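# Descriptive analysis of the structure
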Amino acid sequence: MSDSQRFPVAAHALAYMAHKGAFGPAQAAPSALLAASVPTNPVVVRRVTALLAKAGLIATRPGATGGSWLLRQPADIRLDEVLRAVNGCAHLGSTPAGAKGCPVGEHIPRQVAKALTAADEAASEALSKITIADLLASDPASLRGFAPHSSCPLAAGEPASDADAVAA
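To keep things clear, this report deals only with the structure shown in the data block. Please read these numbers as outputs of a predicted model, since none were measured by experiment.

Alternating residues of strand E2 (residues 67-70) divide into Gly67 and Trp69 and Ser68 and Leu70, and every residue in both groups is buried. The pairing of strand E1 (residues 58-61) with E2 spans 4 bridges and is classified as antiparallel. Paired with Ile58 across the bridge in E2 is Leu70. Connecting E1 to the next strand, E2, in antiparallel fashion are 5 residues, including Gly63 with a positive phi near 100°.

One finds Leu14, Met17, Leu52, Leu79, Val82 and Ile132 to be the most contacted residues of the largest nonpolar core, which totals 33 residues. Among the elements of the structure, helix H1 (3-20), helix H2 (31-37), helix H3 (42-54), E1, E2 and helix H4 (79-85) are those that each provide at least two residues to this core. Broken down by element, the residue count for this core peaks at 10 residues, all from H1. Once residues lying within four places of it in the same chain are set aside, the contact partners of Leu79 are Phe7, Ala11, Leu127, Ile130, Ile132 and Leu135.

Within the fold, Glu81 resides in helix H4. In this structure, Glu81 is in contact with Leu57, Arg72 and Asp76, ignoring residues within four places of it in sequence.

Between Val38 and the following residue, Pro39, the backbone shows a cis peptide bond with an omega angle of -15°. Mapped onto the fold, Pro39 is located in the loop between H2 and H3.

Reading the values: rules and limits
- Residues numbered from 1 in each chain as written.
- Predicted model: local features only at pLDDT ≥ 70, side-chain atom pairs only at ≥ 80, totals over all residues.
- Heavy atoms only, no water.
- Buried < 20%, exposed > 50% of the residue type's maximum accessible area, 1.4 Å probe, protein only.
- Helix = DSSP H or I, 4+ residues; strand = E, 2+ residues; numbered from the N terminus.
- Pairing = 2+ DSSP bridges.
- Core = buried A, V, L, I, M, F, W, Y, C linked by side-chain atoms within 4.5 Å.
- Contact = heavy atoms within 4.5 Å.

Put into structure tokens, the structure is as follows:
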């Protein structure tokens, strides 16, 4: 799985657990069920849930009766925490070292690194205002006025109904 897919998969998995009321081992959401909702492979979900568990956002239980559950209420899980849990920004890349002796090559990597830091900080600031509960709400204030990103399948067509958003 690419770095750029970890965050969307993590946010989706957390929202699904919240929607299904997975707040303890008895309600654990199996990785196959989470994967079917994304849709992706259960191995991808297990890699992401391992990161979320390490960050203390969820707990997991392995095995045939295993699964994942939330350790906090959806309104208390901010998306900047989720982003950090899955290792960073929407991965814009890293700067190459630059050529020694080239005035551009020696200068630009440092400046591009600063630009990437600015992007990370801006993403974190924006995401700190959005919670998992907001993702499940039909019109949360934190997302009001935003359209789906152009990479989203919904951006090209009609928006999903509220029922579609929480079905599955």
